[in-house]
Amino acid sequence: MFYGWWVALTAALGLLLNTATIIVFSFGFFARAIGHEFHVGRAKISLAFTIHNLTSALCIPLAGRLVDRYGPRRVLLPSTALLGLILICSRFLSEAIWQLYVFYFALGVVSGGAGAMPYTDVVSHWFDRHRGLAISVMMLGMGLGAIAIPSVAQRLVATLGWRMAYAVFGLLIVLIPLPVVTAFLKERPEDVGLLPDGAGEAHVSTPVAANDVGLTVHEAVHTSEFWTMVCILFLVTASVHACFIHLPAILTDRGSSAQLAAFASSLFGVGLFMGRIGCGYLLDQFFAPRVAALLFAAVAIGIAFLGLGHAFWSACIAAVLVGFGIGAEVDIIAYLTSRYFGLRSYGAIFGWIWAVFGVSGGLGAYLMGLGFDKTGSYAVPLIGFFWAAVLATLLTLRLGPYRYRVGLT
């Protein structure tokens, strides 16, 4: 088997236990426990998540530049080690809320270097014709984590408390993904005498190395595609983060048990997993913006189910449909970045686009909590996020032809 697929699977393991699965997808369960201990409103607890996302947004562009200059491994490995150690240190936090904010700030600092960005950089260099599928294989790790980690987090929080639950996850990061990624993640196929997709010399269509093809950051930010992608990611990310962060609170407010809320939250992972499986294949076969529009439309429908239906089954359907968007956003943005801007400055460009992910995700969660605190209901913010998802769907259809087609990167 082409070694690039082992690289993709190694990246999948790295994303199984990561900031997205531990901090983002499980925040709803940690937030309830933290809120009960600190005796503050949901907006103040959501502010911790917002601090994490905003800090991550500020640090991801820098991490992207470091990846382009020094290589993904020199950024990824130290960041992953620090992520595990910071989580382990959570057991030393006191009941002062400013320490909680500092804790989430520190997690935000390392999340860019330990997250999806350096992994997508590696996988994009290993694949060209099958890049969409390879990115999806990589992101299956996050999908499996989104299914399993929320339920595990709920049990750990219930039995050990939220501090020790974070510490357990930190120890797992240090013991499992960190050594495996160190051993098996190779940055470029050329480093081991191979070519992208496992092609032979006769199949190479250009003498220019893949990492020399593409736009600089300065050139990319002057294109309409860059800002269209920024707007799309902002709208979709705010919508999906608002829903899955607050779903446990929405369901418990409607009378569901913590176990049922955990089950419904795990269905986000089911949707994410399904989105990962189908999205990668479709990206390689069809025009990516049309695939994205289909998945983002599913997000809008899911938000409508969550807002209009009060039965538990409607929340489950909403979780799966919104999960499609969570499953597609990373894959699609990573794929579109490589096709519209090339691989020359992939890390930096992806970092700037992905910074929007941090800002909008944190803002979406905060606005959802603020809307509840002001109105006593989630109805008003859900209406706003529904129309945000609809607008993102329409903007996706405005993206033009690829600048770097298959065989050019």
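Calculation notes
- Residues numbered from 1 in each chain as written.
- Predicted model: local features only at pLDDT ≥ 70, side-chain atom pairs only at ≥ 80, totals over all residues.
- Heavy atoms only, no water.
- Helix = DSSP H or I, 4+ residues; strand = E, 2+ residues; numbered from the N terminus.
- Rg over C-alpha atoms; globule rule 2.2 N^0.38 Å.
- Buried < 20%, exposed > 50% of the residue type's maximum accessible area, 1.4 Å probe, protein only.
- Contact = heavy atoms within 4.5 Å.
- Areas by Shrake-Rupley, 256 points an atom, 1.4 Å probe, with all protein chains shown as cover.
- Lys, Arg positive; Asp, Glu negative; His and termini not counted.
- Charge placed at Lys NZ, Arg CZ, Asp CG, Glu CD.
- Phe/Tyr/Trp six-rings, centres within 6.5 Å; stacked < 30°, edge-to-face > 60°.
- Salt bridge = Lys/Arg side-chain N within 4 Å of Asp/Glu carboxyl O.
- Expected span 1.5 Å × (residues − 1).
- Bend = angle between axes of the 7 residues up to and from the residue.

J.: Please clarify how the overall build of the protein should be interpreted in this entry.
T.: What the protein contains, in helices and strands, is 17 helices and zero strands. Its C-alpha atoms give the protein a radius of gyration of 20 Å, near enough to 22 Å, the size a compact globule of 409 residues would have. Residue burial in the protein is summarised as follows: out of 409 residues, 59% are buried. A separation of at least 24 residues holds for 86% of the contacts in the protein among residues at least 6 apart in sequence. For the protein, the accessible area works out to roughly 15600 Å², and carbon and sulfur atoms hold 69% of it. Once the 23 positive and 18 negative side-chain charges of the protein are each reduced to a mean point, those two points are 6 Å apart.

J.: Is there a simple way to think about the packing of aromatic side chains in this case?
T.: The description of an aromatic ring pair uses the distance of the two centres, along with the angle that the planes make with each other. Summed over all chains, the structure comprises 19 aromatic pairs. By way of ring pairs, the aromatic residues F27, F30, F49, F103, Y104 and Y166 are connected into one cluster.

J.: Teacher, can you tell me more about the environment of A264 here?
T.: Its place among the elements puts A264 in helix α13 (residues 258-285). Judged by its relative accessible area of 0%, A264 falls in the buried class. Separated by 53 residues in sequence, A264 and I317 have C-alpha atoms that sit 8.9 Å apart. The contact partners of A264, leaving out residues within four places of it in the chain, are L247, L251, F312 and A319.

J.: Is there a simple way to explain the pattern of salt bridges in this structure?
T.: The full count for this structure, using the stated rule, is five salt bridges. A salt bridge links E37 to R163; the shortest N-O distance between them is 2.6 Å. Residue E37 is found in helix α3 (residues 27-38), and its partner R163 is found in helix α9 (residues 162-175); the two are separated by 126 residues along the sequence. With relative accessibility at 22%, the residue E37 sits in the partly exposed group.

J.: Would you mind going over the environment of A48 with me for this structure?
T.: Assignment of secondary structure puts A48 in helix α4 (residues 42-70). For the pair A48 and D284, spaced 236 residues apart in the sequence, the C-alpha separation amounts to 38 Å.

J.: Would you take a moment to explain α13 for this structure?
T.: Given 3.6 residues per turn, any residue in an α-helix points the same way as the ones three and four places further on. Between its terminal C-alpha atoms α13 stretches 41 Å, which fits the 40 Å expected from 28 residues at 1.5 Å a residue. Most pronounced at C279, the bend in α13 amounts to some 25°.

Keep in mind these values describe shape, not function.
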